[in-house]
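# Structural features, examined
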Amino acid sequence: MNIIKSIGLYEIAVLLLGTSSSFLIYLTLKQYLKLRRYRHIPHPKTFGLFRFFTGNLHELQAYKNDIGFSGLILKWFNDLGPVFKVYFFGEIIVSVNGPEAVKKVTIDLDLHKNDLTYNMLAFPFNERALGTGLVTEIDKEKWKPSRALFNHAFQRNILKTFFDEFNEKSNLLMEKLRGKADGKTLVTLFPELNKFALDIISSVAFGFNNDSINQSENYLNKLIINLLQGINELLIDPLIQLKPNKFKMVNEFKKSLRELREFSREHINQRIQDLENKEHVPNDILTIIIKNYAGDTFDLDDLIDQFLTFFIAGQETTANSLAFAILELGRNPEAFS
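Residues numbered from 1 in each chain as written. Predicted model: local features only at pLDDT ≥ 70, side-chain atom pairs only at ≥ 80, totals over all residues. Heavy atoms only, no water.

As recorded in an unreviewed UniProt entry, the chain goes by Cholesterol 24-hydroxylase-like and comes from Brachionus plicatilis.

### Side note on the overall build of the chain
Scanning the chain from N- to C-terminus turns up 14 helices and two strands. Projected onto its principal axes, the C-alpha positions of the chain cover 85 × 55 × 45 Å. Of all 337 residues assigned to the chain, the portion counted as buried reaches 35%. The contacts of the chain with a sequence gap of at least 6 include a subset with a gap of at least 24, amounting to 63%. (Helix = DSSP H or I, 4+ residues; strand = E, 2+ residues; numbered from the N terminus. Buried < 20%, exposed > 50% of the residue type's maximum accessible area, 1.4 Å probe, protein only. Contact = heavy atoms within 4.5 Å.)

### So, the packing of aromatic side chains
Two numbers describe a pair of aromatic rings. These are the distance of the centres and the angle of the planes. Going through the model one piece at a time under the given rule, you end up with seven aromatic pairs. Geometrically, the ring pair formed by Trp76 and Phe84 is edge-to-face, given 5.8 Å between the ring centres and 70° between the ring planes. Pair check on accessibility: Trp76 and Phe84 agree, each one buried. For the pair Phe208 and Phe263, a centre-to-centre distance of 5.7 Å together with 75° between the ring planes defines the contact as edge-to-face. Residue Phe208 is located in the loop between α10 (189-206) and α11 (219-236), and its partner Phe263 is located in helix α12 (residues 247-276); the two are separated by 55 residues in the primary sequence. When its relative accessible area of 16% is taken as the criterion, Phe208 is described as buried. Looking at Phe263, the relative accessible area reads 22%, which means it is partly exposed. (Phe/Tyr/Trp six-rings, centres within 6.5 Å; stacked < 30°, edge-to-face > 60°.)

### Some words on the pairing of strand β2 (residues 91-96)
Summarising the sheet, strand β1 (residues 83-88) and β2 pair through six bridges and their orientation is antiparallel. Within the sheet, the bridge partner assigned to Phe88 lies in β2 and is Glu91. The turn joining β1 and β2, which pair antiparallel and follow one another in sequence, is formed by two residues; a positive phi near 50° is taken by Phe89. (Pairing = 2+ DSSP bridges.)

### Overview of the pattern of salt bridges
Taken as a whole and assessed by the stated rule, the structure comprises 15 salt bridges. Among the ionic pairs, Lys255 bridges to Glu259, the shortest N-O distance being 2.7 Å. Of the two residues, Lys255 and Glu259 both sit in helix α12, four residues apart, roughly one turn of that helix. The class for Lys255 is partly exposed, based on a relative accessible area of 46%. A relative accessible area of 25% places Glu259 in the partly exposed class. (Salt bridge = Lys/Arg side-chain N within 4 Å of Asp/Glu carboxyl O.)

### Considering the domain arrangement of the chain
Domain annotation of the chain identifies domain 1 (28-97) and domain 2 (143-335). Between the C-alpha centres of domain 1 and domain 2 there is a distance of 31 Å. The interface of domain 1 with domain 2 comprises seven residues on the first partner and nine residues on the second. Buried area between domain 1 and domain 2, summed over both chains or domains, comes out near 720 Å², and the portion from carbon and sulfur atoms is 65%. Looking at the side of domain 1 that touches domain 2 residue by residue, the class counts come to four nonpolar, two polar and one charged. (Domains from an automatic or database assignment. Buried area = accessible area lost by both parts, 1.4 Å probe. Nonpolar A, V, L, I, M, F, W, Y, C, P; charged D, E, K, R; others polar.)

### Section: helix α9 (residues 163-180)
Residues three or four positions apart in an α-helix share a direction because the helix packs 3.6 residues into each turn. Taking 1.5 Å per residue as the helical rise, α9 with its 18 residues ought to reach 26 Å, and the 26 Å between its terminal C-alpha atoms agrees with that figure. Inspection of α9 places Lys169, Leu173, Lys176 and Leu177 among the buried residues, and these make up the whole buried set. Each buried residue of α9 sits inside an arc of 100° when the element is viewed along its axis, so together they form one side. In α9, the exposed positions that point more than 90 degrees away from the buried face belong to Asp164, Asn171, Glu175, Arg178 and Gly179. Along its buried surface, α9 packs onto α10. (Expected span 1.5 Å × (residues − 1). Arc of directions from axis to C-beta.)

### A word on the environment of Leu242
For Leu242, the location among the structural elements is in the loop between α11 and α12. For Leu242, a relative accessible area of 64% gives the class exposed. Separated by 26 residues in sequence, Leu242 and Ile268 place their C-alpha atoms 35 Å apart.

Written out as structure tokens, the structure reads:
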């Protein structure tokens, strides 16, 4: 009886070993064939015993607290050129930089966007963030009507009506900076420009006064910063949710994201209600978008996705562009005199 049991256990062990080995061989072959298709594209060197599978995960984690995700991407562009690839556990991401390379990929070849990268922005930590907004929607047939809808809000005659708001917020920022310009006080401009961009978007796009410029702590600005930090952490470390020491941070991120979506939901619902009751509403981007849904039913969560896309993508990119422009002015003042 013991001999039979021993034989049974031995056979089970052999079966498990054989199955595991076959699965490992399958994964290895699959990884090899996928990488072989992209072998002509430059890529950063990989390190570690399991680098064939983990790819560039080590580099992401090594530079996390040094130059961050954006800094690492810039480093790779500088080292490898305008087109390079990285991979993690069999997922290959090709990154492009420069107008000609971007035109080739997005227009001439019309290549599919990488699902992994865009899903991290759309549904980070299994929570809905930018969802199916204009930045994260990768289905071209769904993206096109959404893009056409927003064209109504970006016509020249409409944008011209926002100049007073642009000037007002600009004056507030300059007044604040003049108060600190004593030749001794160090001012980090990017956070100030972040608030500036947020306040303009809040006003011209969604009709409310946020006034984060004059506040050291602003509720909406804090939620957006938490969202961006959470997404950045996930981009740097795709395995972050599995690490016990990161559970608190992940939960805080999810809490901020839910509050941000709830804030958006309340504001949009109020605008829809005001329009239905024929009350006076600002002729801003939100009103224009809602009115152009006329006759069609729409998912409120889809509209929240677009709402947050404006806040996140619009604020961050604008603030970065302004910060870069000011940096260049400081480096080359004679070029702009």
